[in-house]
Amino acid sequence: MLGTWQEGPGPAHQRLSDRLRLLVLDGRLSLGSTLPSERDLATALSTSRTTVGAAYRTLVDHGYLATRARARATVRLPDDPPPEHRSSTSSATIDLSFAAPPAPVEILHAAFATALEQLPRHFERHGYDRYGTAELREAVADWYQRRALPTPPDHILITNGAQHALALLARTLLSPRDRVLIDHPTYPHAIRTFTEVRARPLAVAVAPSGWDTAQLHAAARTASLAYLIPDFHNPTGLCMPTSVRQALRLACPTVIDETMTDLALDGASPEPFALHMPTAISIGSVSKSIWGGLRIGWIRATPSLLERVQQTRLATDLGTPVVEQLATAVLLNEHQTKRPSALQQLRSQRDALRQALTEHLPDVHAPRPAGGVTLWATFPEPISSRLAAIAPDHGVTIAAGPRFGIGGAFERNIRLPYTLPPRQLSQAIRRLAQAEQALARGATGTHRPAPVA
Ligand SMILES: Cc1ncc(COP(=O)(O)O)c(C=O)c1O
C-alpha cells in the first residue's frame, strides 16, 4: 500500500509519514486499524527503525495515530481540520470526483408527469414488486431487443442502480476468500463491494492498448467470478473490441457492467457482451445515460439466478420505488438513453477538457476515449494521492488513481470526468495546475477524499 513512498524530496521519515497520512485520508487504512510495530514495518520496508519511529511520531502529533502504552498504534483522524482548510471545500469548489451528468430537466419532467398518470394502475396492489414493475421489466427487455439481444422480461430484475445490482450479485455468488477477477483499474465501488463480502480481488491489467485475452483466461481459471466493464470502461473510457469479446471464454461466472453502453461518442454503440457470451450476467443503469438521481438499474440473468438474487435482497430492501420505475420505463421506451444532444454535449466537453489539459498541464497524457464520461490522465510523477489531498485548497476535488486499483497502484493517474460545462472544466484544470505547482513547492494537503461515482 505504501507503493512509491521512497521516491520524492525530503527526508525519508517525512515521506513515510506523508504516505501513511494519505492512506488514512483516502480510507485505505481504515479508522481503528492497527499499524505494524516500528520494528516490523522497518523490516518490511528495509528501512531503519528510527525512520519509522519518526514517521509514527509525526502522525501522532498531527492526530492521525493514537497510541497507548504496550499496545500498537491505531489509525484515527484529527478532531478538527486545521483552520486554513475549514472553508476551502466551499460551494465554489469544482467537483471533478463525480463522473455523472446533470439531469435533462424537461425530459424528466415529462416522464414523471406520464408516470403519475399511470400510477393509479398500481394502487390496488401492495406496491412491492419483487422483480420490478412489469412496465419497466418490459422496457429494459426491449432495450436489449433493440440491441439485437432477445430478452424475455422474466430475465430482468430491477434494482436501485447498477451498484445495487453488483452488490446483490456479490452477496449471492461469492463466499469469503473467493477470488474475483477485476479489470485493473476498475470502478472503485466495485472493489469495495467485493472486499465487503471478504472476496479477494484478482486484478488483470487494462493497459492503454486494452484487455489481454490470455491473461483474462488464465485468471478466470482460479476465480469464482469475473467483473468486467467492456463498454467505455470506468475510468479509462476504453471499449473492448469485438474480436476480444468473441475470443473470451471465461471459466467462471462473468458479470458485465453495461452502465456506459449508450454513451458512444465516436461511432456505433458496442454490441451487447451477452451476444458473444450467452451465460454473461449483465448489469445496467440509466445513471449515466439519463440521470443518477433516478436510482434505477437492473440485472439481466436467468430466472433461476434472479430468484436467488431476490432472496438475497430480502435481507436489506424490499424493492424499488414505483414512480421512478414508471418514469424510467417511459424514458427507455422513448429511447432517451441515447439523446443526440446529450452525446454532442459530452463530445464538446471531452474536447474542452483535453484542450485545457494541453494548455495548463502539458506534461499530462490523457488519451481520447471513444465514449463514456471520463479521461484517465497520467502524470509524469507519482503525485496522485498528494494532489487529491491538496486540490480542494485550490478549489477543485479529484479522484486519485489508487482509488481505482489495489495495492497502491496508479499513483501517476487521476480520473477526470467531462460531465461539466466547458468553462468549468477549463477553470478546474487551471486550478489543478496551481495545485500541482504548490505540491512541487513542497506544500501538503490534508483533505479527505471526496465521494466518487
Ligand atoms: C462502471 C459503473 N458501474 C456502476 C456504477 C453505479 O451506477 P448507479 O448509479 O446506477 O448505481 C457506476 C457509476 O459511476 C459506474 O461508473
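These numbers come from a predicted model, not from an experiment. Here the residue index of a chain counts from 1 through its sequence in written order. In keeping with the model being predicted, local features are shown solely for residues with a pLDDT of at least 70 and side-chain atom pairs are shown and tallied solely at 80 or more, while totals for entire chains, interfaces and linings include all residues. Side-chain numbers come from the whole structure's heavy atoms, not from hydrogens or water.

## Looking at the pairing of strand 5 (residues 179–184)
(1) Moving on: Burial runs high along strand 5: five of the six residues are buried.
(2) Moving on: One bridge is not enough; two strands pair if DSSP finds at least two bridges between them. We count a stretch as a helix when DSSP gives it H or I for four or more residues in a row; a strand needs E for two or more, and each element gets its number in order from the N terminus. Bridge count between strand 5 and strand 6 (residues 200–205): six bridges; the pairing is parallel. Bridge pairing in strand 6 places Asp-183 opposite Val-204.
(3) Moving on: With helix 7 (residues 188–196) bridging strand 5 and its parallel neighbour strand 6, the resulting β-α-β unit is right-handed.
(4) Moving on: The sheet contact formed by strand 5 and strand 7 (residues 225–228) spans three bridges and is parallel. If you follow Val-180 over to strand 7, its bridge partner there is Leu-225. The rule is simple: take the accessible area with a 1.4 Å probe, protein chains only, and divide by the maximum for that residue type; under 20% is buried, over 50% is exposed, in between is partly exposed. When the strands point away from the viewer, a crossover counts as right-handed if the route from the first strand across the helix to the second turns clockwise.

## Thoughts on the site of the ligand
(1) Moving on: Only a single heavy atom is needed: when it lies within 4 Å of a molecule or strand, its residue is near that molecule or strand. Taken together, 15 residues form the shell around the ligand, and within it Asn-234, Asp-257, Ser-285, Ser-287 and Lys-288 come nearest.
(2) Moving on: Burial of the ligand by the surrounding chains reaches 95%, relative to a free accessible area of 390 Å².
(3) Moving on: Contributions of two or more residues to the shell around the ligand are made by helix 6 (162–173) and helix 11 (287–291).
(4) Moving on: Amino acid classes used here: Ala, Val, Leu, Ile, Met, Phe, Trp, Tyr, Cys and Pro are nonpolar; Asp, Glu, Lys and Arg are charged; the rest, including Gly, are polar. Counted by class, the shell around the ligand contains six nonpolar, six polar and three charged residues. We get accessible surface area from the Shrake-Rupley algorithm with a probe of 1.4 Å; when it comes to residues, only the shown protein chains can shield them.

## A closer look at the packing of aromatic side chains
(1) Moving on: Put simply, two rings from Phe, Tyr or Trp (the six-membered ring, in Trp's case) pair if the centres are within 6.5 Å, and we call them stacked under 30 degrees between planes, edge-to-face over 60, tilted for the rest. Throughout the structure, instances matching the rule amount to five aromatic pairs.
(2) Moving on: Judged by centre distance (4.9 Å) and plane angle (75°), the rings of Trp-143 and Tyr-144 are edge-to-face.
(3) Moving on: For Trp-143, a relative accessible area of 5% gives the class buried.
(4) Moving on: Residue Tyr-144 is classed as buried on the basis of its relative accessible area of 0%.
(5) Moving on: Relative to Phe-404, the ring of Trp-376 has its centre 5.5 Å away and its plane inclined at 70°; by these criteria the two rings are edge-to-face. Here Trp-376, found in strand 11 (residues 374–378), pairs with Phe-404, found in the loop between strand 12 (396–400) and strand 13 (413–417); they are 28 residues apart in sequence, far enough to count as distant. Both residues of the pair, Trp-376 and Phe-404, belong to the buried class.
(6) Moving on: These aromatic residues form a ring-pair network of at least three members: Trp-143, Tyr-144 and Trp-298.
(7) Moving on: For the cation-ring pair, Arg-147 lies above Trp-143, with the distance from its terminal atom to the ring centre recorded as 4.5 Å.
(8) Moving on: Geometrically, a charge over a ring is one whose NZ (Lys) or CZ (Arg) sits within 6 Å of the ring centre while staying within 35 degrees of the ring normal. Sitting above the plane of the Tyr-144 ring, Arg-300 keeps its charged end 5.3 Å from the centroid.

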